[in-house]
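As a plain string of letters, each chain reads:
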Protein chains: 2
Amino acid sequence: MITNIEKAQQRVKELEEKLKQAKALKQKVEARAKAAENKQKRAYDTRRKILVGAAILAKVERGEWPKDKMLEMMNQQLTRADDRLLFDLPAVKETGS
Amino acid sequence: MITNIEKAQQRVKELEEKLKQAKALKQKVEARAKAAENKQKRAYDTRRKILVGAAILAKVERGEWPKDKMLEMMNQQLTRADDRLLFDLPAVKETGS
């Protein structure tokens, strides 16, 4: 025979379980939203880089920006050999002055 | 009854067909190679833009390049509203001076 107190205790347990599940779901949804937001931010960052790079390279192409200056900047900036190769820069670059 | 001449004519026809097929295949393979080459070139172009853009934006971030100069350049360069929005530039830009 189930007493009213036992019923109430059972009900509390069920609600605690539901609350736990709801919290877990909330966390999952929040994590997914955050991941989507970060992905969008990275996409915007990349797009900004592409647009600025395209503008500079167009200026270099038109002779409005010195190519040497661009290459010197990239020489300073780039460390990965495959990236450096895209600008015909030598792969070796261990220690600078 | 098939004469030798008819046999020879048949053989020529078959070879012509084979040649046609081989030519078509060659064209298809060449087109595929060209498409792959163009895709690779576009990927390199995009990578170059990203690297140059990243270098410039890093300089702006570090205060080594005036942000105003970068924004003015982008203001001149960009026409698409969604691109301009990435730099907080107003969408309206119909005719310049």
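Chain A goes by Mobilization protein in an unreviewed UniProt entry, where it is assigned to Rhizophagus irregularis.

A. Summary view of the overall build of chain A. Helix and strand counts for chain A stand at three helices and zero strands. Mapped in sequence order, the helices and strands of chain A form the string α-α-α. Taken over C-alpha atoms, the radius of gyration comes to 29 Å for chain A, far larger than the 13 Å a tight globule of 97 residues would show. Taken along its principal axes, the extent of the C-alpha atoms in chain A is 90 × 30 × 20 Å. Looking at chain A residue by residue over its 97 residues, the buried ones come to 20%. Summed over its atoms, the accessible surface of chain A is roughly 7,900 Å², and 55% of this surface lies on carbon and sulfur atoms. Looking at charge distribution, chain A has the averaged site of its 23 positive side-chain charges lying 7 Å from that of its 15 negative ones.

B. Quick look at the domain arrangement of chain A. For chain A, the assigned domains read domain 1 (4-61) and domain 2 (65-92). The C-alpha-based centres of domain 1 of chain A and domain 2 of chain A are spaced at 37 Å.

C. Summary view of helix H2 (residues 67-77) of chain B. Residue and element names in this part refer to chain B. Those residues of H2 not exposed but buried are Met70, Met73 and Met74. Buried residues of H2, viewed axially, fall in a sector of 95°; they line one side. Opposite its buried face, H2 presents the exposed residues Asp68 and Gln76, each directed more than 90 degrees away.

Quick notes on the rules
Residues numbered from 1 in each chain as written. Chains lettered and ligands numbered in written order. Predicted model: local features only at pLDDT ≥ 70, side-chain atom pairs only at ≥ 80, totals over all residues. Heavy atoms only, no water. Helix = DSSP H or I, 4+ residues; strand = E, 2+ residues; numbered from the N terminus. Rg over C-alpha atoms; globule rule 2.2 N^0.38 Å. Buried < 20%, exposed > 50% of the residue type's maximum accessible area, 1.4 Å probe, protein only. Areas by Shrake-Rupley, 256 points an atom, 1.4 Å probe, with all protein chains shown as cover. Lys, Arg positive; Asp, Glu negative; His and termini not counted. Charge placed at Lys NZ, Arg CZ, Asp CG, Glu CD. Domains from an automatic or database assignment. Arc of directions from axis to C-beta.

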